[in-house]
Amino acid sequence: MSDWNDERLARAVLSQVCEPGDPRLTRLISGHGAADALAALRRSGHDSAWVRRARTADASALVDRAERLRLRYLMPSDAEWPAGLADLDRCEEIGGMGGAPLGLWVLGTARLDQWLGNAVAIVGARAATRYGEVVATELAGQLSAGRYDYTVVSGGAFGIDASAHKGALTVGGRTIGVYAGGLHEPYPRQNARLFERLAVEQLVISEVAPGLPPTRAGFLARNRLIAALGLGCVVVEAAQRSGAQNTASWAAALGRAVMAVPGSVDSAMSVGCHRLIRDGQATLVADSNDVAALLAPIGRGPVLPSRGEQRPLDLLDPRLLAIREAMPGRRAASAGEVAIACGHPVPDVVAALIELEQLGMVRRTADGTWRLGRPAGA
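Residues numbered from 1 in each chain as written. Predicted model: local features only at pLDDT ≥ 70, side-chain atom pairs only at ≥ 80, totals over all residues. Heavy atoms only, no water.

K.L.:
Hey, could you go over the overall build of the protein for me, with residue numbers and the actual values?
P.N.:
A tally of regular secondary structure across the protein gives 16 helices and 11 strands. Computed over the C-alpha atoms, the radius of gyration of the protein is 30 Å, more than 25% above the 21 Å expected from 2.2 N^0.38 for a compact globule of 378 residues. For the C-alpha atoms alone, the extent of the protein along its principal axes is close to 105 × 40 × 35 Å. By residue count, 50% of the 378 residues in the protein fall in the buried class. Restricting the contact set of the protein to residue pairs at least 6 apart, pairs at least 24 apart contribute 74%. (Helix = DSSP H or I, 4+ residues; strand = E, 2+ residues; numbered from the N terminus. Rg over C-alpha atoms; globule rule 2.2 N^0.38 Å. Buried < 20%, exposed > 50% of the residue type's maximum accessible area, 1.4 Å probe, protein only. Contact = heavy atoms within 4.5 Å.)

As structure tokens, this is what we get:
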């Protein structure tokens, strides 16, 4: 459980008082510290929402609730604090939001920092198609399995988020749920079983105090955390305007790898992915090898094939290939005709045709002319 010193307690109370992702709060804390900032709000003569909440906030009740829920509260000075979150303090604001969180509420026993040394975010549409759910499940399963051993980070929502978590769970991998509301209850409620499984077997985190419901601003603030916690972000499906695209924007601003999975040109759920790829904001990925190649350090990722399966013609000597390519496709030709077509002397063409015949790539007819052959595998 948490060691509730003055600084930690003040940050925890502020996570109940102030909306997440508000850069004004980040500036206030950096200038005065959390305890002084909370005291200043309580003394303030302004009639703002923050001031009213600060005056009525019950720190003891908050700690009691956290203890009952088995929550711990991390702050940036803790050894367990994820290093990647510091990048949010150096990042441009998006939609009026920015800055690293004051702290994180954590449910689960694993060390958060150790799980985030090798992590990837997988996000997408809540109203996902069956195609998108299958892709997200397979991607998460393959990336979190032993070969790559990535921790899958997502938001616990319907659709792609839930599929990504389940994919990692299926193979016994690691996955972290990042929630927009307090960790006192699952959201959405229909995902209660997933939430409980993540809480027991994995990790669930939020920057919002327990007891607070998710809000639209909370979801947008949550997106920046998902982006910051991974080495990259994969968008599996996204509508024209979506939270997944917002997460991708944060990932790009943070210098993380942004990837998108293509879908059907007729699918409204793939419009966002296609636009990210079209506008050069995301790299097209089709499987876990593509993702791992982009995330791995130089020289340590999987080697991706740059071309299709090798055929016999790919191995052919350029001289022989030029002569074979000069032959007509639908009729026989004499050595002289082939020589004229390719520009080589007739004796050289005859010698080459004999070699090609031995390879099964041409055949000689009864009247001495030559036709194309079709070697096995061509």
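Having seen the structure, we can now continue with the description.
K.L.:
Account for helix 7 (residues 130–144), with residues named and values stated.
P.N.:
Between its first and last C-alpha atoms helix 7 spans 21 Å; for 15 residues at 1.5 Å apiece the expected length is 21 Å, and the two agree. When helix 7 is considered as a whole, its buried residues turn out to be G132, V135, A136, L139, A140, G141, L143 and S144. Buried-residue contacts for helix 7 involve strand 3 (119–123), strand 4 (151–154), helix 8 (160–170), strand 7 (232–235) and helix 13 (288–295). (Expected span 1.5 Å × (residues − 1).)

K.L.:
How would you summarise the packing of aromatic side chains if you had to cite specific residues and measurements?
P.N.:
The geometry of an aromatic ring pair is captured by the separation of the ring centres together with the interplanar angle, meaning the angle of the planes. Inspection of the entire model under this criterion finds six aromatic pairs. Centroid distance W4 to W105: 6.1 Å. Interplanar angle 40°. Geometry classified as tilted. Placement of W4 in the segment before helix 1 (6–17) and of W105 in strand 2 (residues 104–107) is noted, with a sequence separation of 101 residues between them. Per residue, the accessibility class of W4 equals that of W105, and both read buried. By way of ring pairs, the aromatic residues W4, Y73 and W105 are connected into one cluster. Above the ring of W50, the side-chain terminus of R24 is found at 4.6 Å from the ring centroid. Its guanidinium or amino end placed over the ring of F219, R126 lies 5.1 Å from that ring's centre, counting from NZ or CZ. (Phe/Tyr/Trp six-rings, centres within 6.5 Å; stacked < 30°, edge-to-face > 60°. Lys NZ or Arg CZ within 6 Å of the ring centre and 35° of its normal.)

K.L.:
Just give me the short version of the packing of helix 1 against helix 5 (residues 59–68), but keep the residues and values in it.
P.N.:
At a minimum axis distance of 10 Å, the contact between helix 1 and helix 5 shows a crossing angle of 90°. Put simply, helix 1 runs roughly perpendicular to helix 5. Facing L9, A12, V13 and Q16 of helix 1, the residues of helix 5 in contact are A59, L62 and V63. In the contact of helix 1 with helix 5, the residues fall into six nonpolar, one polar and no charged. (Axes fitted to C-alpha atoms, helices over the stretch in contact; angles between N-to-C directions. Parallel < 35°, antiparallel > 145°, perpendicular 65-115°, else oblique. Nonpolar A, V, L, I, M, F, W, Y, C, P; charged D, E, K, R; others polar.)

K.L.:
Account for helix 13, naming residues and giving values.
P.N.:
Buried residues of helix 13: S288, D290, V291, A292 and L295, and no others. Where helix 13 is buried, its residues contact strand 3, helix 7, strand 7 and strand 8 (257–260). A distance of 3.1 Å separates the backbone nitrogen of N289 from a side-chain oxygen at the start of helix 13, and that oxygen is part of D287. (Polar contact = N/O pair within 3.5 Å; in protein donor to acceptor, adjacent residues only side chain to side chain.)

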